[in-house]
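What the coordinates show
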Amino acid sequence: MEESIGNQSGMARGRWRTGALFIILPSLVGAGIWILGTAYGDRRAEQERNFRRSELERFQAANVQELAVGFPLPDFSVYGDDGVAVPVQEALPAGGLIVYVSSGCESCFDAAEGLGRALLRPDLVGSPAIMLVRGDGSAIRALCQDRGFALRVFEDREDAMAERFHVWALPSHVMFDADGIVTVIGAGAKDEEEYARILAHGRTRPIEQNP
């Protein structure tokens, strides 16, 4: 009798162990598959990030030149009213102020008015400055002629400021010195007082971001 009970108890324990094994084993297998899948996914994601990073760096090295204070102004061409392309540093051989605007921007016409008036001030007459227009510059040229401003207007027909240097804010301004080093970068200036301050500031404090 006792032997029969012992056998039954052993059989029950065996069935319990078998049942537990069937429950635990799939869980362990599932966990292992999940861990391996996660590790593989993380590795693929890291490889994808590294690939994209290398592609971005390669693209930037080949196509993008930085426009930054303290660094040389990258070379690009601007177009005068005669349609002839000249290097930007030939348009301003001793350095100066570039005010970047768009032909379709109302505040950009305010900027042309403000810069033109600033250049009429006795202490700023002859200051090297140009307007650089994204698009057709004829309307801004006409404004300057009507007002009698001694302000030269060029066109950025190659879209260098936006596409190469990522300058999207309009109006924007860049000043560089006689050595071709960028000394001032800023955006939003529109009136005479602002441009008078920028021109004077560029003369007296040569390395400054967003004066």
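Structure first, text after, so check above.
Summary of the structure given here.

About the cut-offs
- Residues numbered from 1 in each chain as written.
- Predicted model: local features only at pLDDT ≥ 70, side-chain atom pairs only at ≥ 80, totals over all residues.
- Heavy atoms only, no water.
- Helix = DSSP H or I, 4+ residues; strand = E, 2+ residues; numbered from the N terminus.
- Buried < 20%, exposed > 50% of the residue type's maximum accessible area, 1.4 Å probe, protein only.
- Contact = heavy atoms within 4.5 Å.
- Areas by Shrake-Rupley, 256 points an atom, 1.4 Å probe, with all protein chains shown as cover.
- Expected span 1.5 Å × (residues − 1).
- Pairing = 2+ DSSP bridges.
- Right-handed = clockwise from strand over helix to strand, strands pointing away.
- Salt bridge = Lys/Arg side-chain N within 4 Å of Asp/Glu carboxyl O.
- Polar contact = N/O pair within 3.5 Å; in protein donor to acceptor, adjacent residues only side chain to side chain.
- Axes fitted to C-alpha atoms, helices over the stretch in contact; angles between N-to-C directions.
- Left-handed = near helix turned anticlockwise from the far one by under 90°.

On to the overall build of the protein chain. Helices and strands together make up the secondary structure of the protein chain, namely six helices and seven strands. Starting at the N terminus, the α and β elements of the protein chain follow one another as α-β-β-α-β-α-β-α-β-α-β-β-α. Per-residue burial for the protein chain yields a buried fraction of 36% across its 211 residues. Long-range contacts, defined as pairs at least 24 residues apart, comprise 66% of the intrachain contacts of the protein chain with a sequence gap of at least 6. When the accessible surface of the protein chain is summed, it comes to about 12700 Å², and 56% of that surface belongs to carbon and sulfur atoms.

Helix length check: helix H3 (residues 106-118) (13 residues) gives 19 Å between terminal C-alpha atoms against 18 Å at 1.5 Å per residue, within 8%. Those residues of H3 lying buried are Ser107, Cys108, Ala111, Ala112, Glu113, Gly114, Leu115, Gly116 and Ala118.

Moving on, we come to the pairing of strand E5 (residues 152-155). Bridge analysis of strand E4 (residues 129-134) against E5 gives four bridges, and the strand direction is parallel. Considered in E5, the bridge of Ile130 is made with Arg152. Handedness of the crossover joining E4 and E5 through helix H4 (residues 138-147) is recorded here as right-handed.

The next subject is the side chain of Ser102. Of note, Ser102 is situated in strand E3 (residues 96-102). Residue class for Ser102 comes out buried when judged on its relative accessible area of 14%. With sequence-adjacent residues up to four places away left out, Ser102 is seen in contact with Cys108, Val133, Arg134, Ile140 and Leu170.

Along strand E6 (residues 172-176), five of the five residues are buried, which leaves the element largely enclosed by surrounding structure. Side chains Ser172, Val174 and Phe176 of E6 all project onto a buried face; the interleaved residues His173 and Met175 project onto the opposite face, where all are buried too. By the bridge criterion, five bridges tie E3 to E6 in an arrangement that is antiparallel. Bridge pairing in E6 links Tyr100 to Ser172.

The next thing to look at is the pattern of salt bridges. For the structure shown, the criterion picks out seven salt bridges. The salt bridge partner of Arg157 is Glu155, with a shortest N-O separation of 2.7 Å. Within this structure, Glu113, Arg117 and Arg147 form a network of salt bridges that share partners.

Moving on, we come to the environment of Tyr195. Within the secondary structure, Tyr195 sits in helix H6 (residues 192-204). Given the relative accessible area of 0%, Tyr195 is considered buried. For the pair Tyr195 and Arg117, spaced 78 residues apart in sequence, the C-alpha to C-alpha distance is 8.9 Å. At 2.7 Å, the side chain of Tyr195 forms a polar contact with the backbone oxygen of Ala189.

Quick look at the packing of H3 against H4 now. Where H3 contacts H4, the axes come no closer than 10 Å and their chain directions differ by 35 degrees. For the element pair H3 and H4, the recorded crossing hand is right-handed. Facing Phe109, Ala112 and Glu113 of H3, the residues of H4 in contact are Ala139, Ile140, Leu143 and Arg147.

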